[in-house]
Amino acid sequence: MSKLNAEQLRECIVAILENTKEKPRKFTETIELQIGLKNYDPQKDKRFSGTVTLPNVPRPKLKICMLGDAKHCEEAAALGLSVMDVEALKKLNKNKKLVKKLAKKYNAFLASETVIKQIPRLLGPGLNKAGKFPTLVTHSDPLAQKVEDIKSTVKFQLKKVLCMGVAVGNAAMSERELYVNIQMAVNFLVSLLKKNWQNVRTLNLKSTMGPPQRLF
């Protein structure tokens, strides 16, 4: 049962979109869902983690890098992605600083079947530690679709603090698209919580440069 008030959600979305139109920025602002939890002890309670694919792409400009074999590198380059082959990965020489820098540079990674097996050996645990272990792509998967999926996927992960934020949309989206995305993201988050809505303290929506709007 969703406790989200449909009217309030619409009002928040309208307020955010109006705010981004009043003060146009040189970039498309991302709209983030900020969550505050309660009755949770990150030390004792099981920390949850889950990903959900939203119906509309919240972050179209996500930086994705393909760690691929020759065929995948070619396909990815044609789609405008950054690419690295095994030779390029070998050059990093398992240097922790360089691997960390690579993990920082991109939001997500894709890898071909032949490459993904070699990643722990070539790069060590760096990408895994950064929570950016590559997503497997086989040659039967349409690469463009895989890229779209990654751009539409958001991850909820409880760390040591009881607040978190995820991108649920951007200022270029319509009210309807934002509404569907936010509702799906909130319902998914609530399903991850131990006591569902009883664990939710606050929900706010905020665009990159705008003021937060209280949702719950």
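Throughout, a residue's number is its position along its own chain's written sequence, starting from 1. Two thresholds apply to this predicted model, a pLDDT of at least 70 for residue-level local features and 80 or more for giving and counting side-chain atom pairs, whereas whole-chain, interface and lining totals are computed over all residues. Only hydrogens and water are removed before side-chain values are computed, so all heavy atoms of the structure are retained for them.

Caption draft 1: Seen up close, the sheet that holds strand β4 (residues 82-84). When DSSP locates at least two bridges between a pair of strands, those strands are taken to pair. Note on conventions: DSSP H or I runs of at least 4 residues are helices, E runs of at least 2 residues are strands, and numbering of each starts at the N terminus. Read from one edge to the other, the open sheet built from 4 strands follows the order β4-β3-β5-β6, with strand pairing classed as parallel. Since the sheet does not close on itself, it has two edges, and those belong to β4 and β6 (135-137), each with one partner. Strand-to-strand, the axes of this sheet are offset by a mean angle of 30°, without reference to chain direction. In the sheet, strand β3 (residues 64-67) pairs with β4 via 3 bridges, with the strands oriented parallel. Residue pairing for β4: cysteine 65 is matched across the bridge by serine 82. Orientation is described by axes fitted as lines to C-alpha atoms, over the contacting stretch for helices, and by angles from 0 to 180 degrees between their N-to-C directions.

Caption draft 2: Layout of the pattern of salt bridges. Criterion for a salt bridge: a side-chain nitrogen of Lys or Arg within 4 Å of a carboxyl oxygen of Asp or Glu. One pass over the structure, following the stated rule, counts 4 salt bridges. Between lysine 90 and glutamate 87 there is a salt bridge, with the nearest N and O atoms lying 3.6 Å from each other. One end of the pair is lysine 90 and the other is glutamate 87, both in helix α3 (residues 86-91) and 3 residues apart, which spans about a single turn. A salt bridge links lysine 146 to aspartate 141, with the nearest nitrogen and oxygen atoms 3.9 Å apart. Each residue is placed in one exposure class: buried if its accessible area under a 1.4 Å probe, protein chains only, is under 20% of its type's maximum, exposed if it is over 50%, and partly exposed if it falls in between. Overall, lysine 146 belongs to the partly exposed group, its relative accessible area being 22%. The class for aspartate 141 is partly exposed, based on a relative accessible area of 25%.

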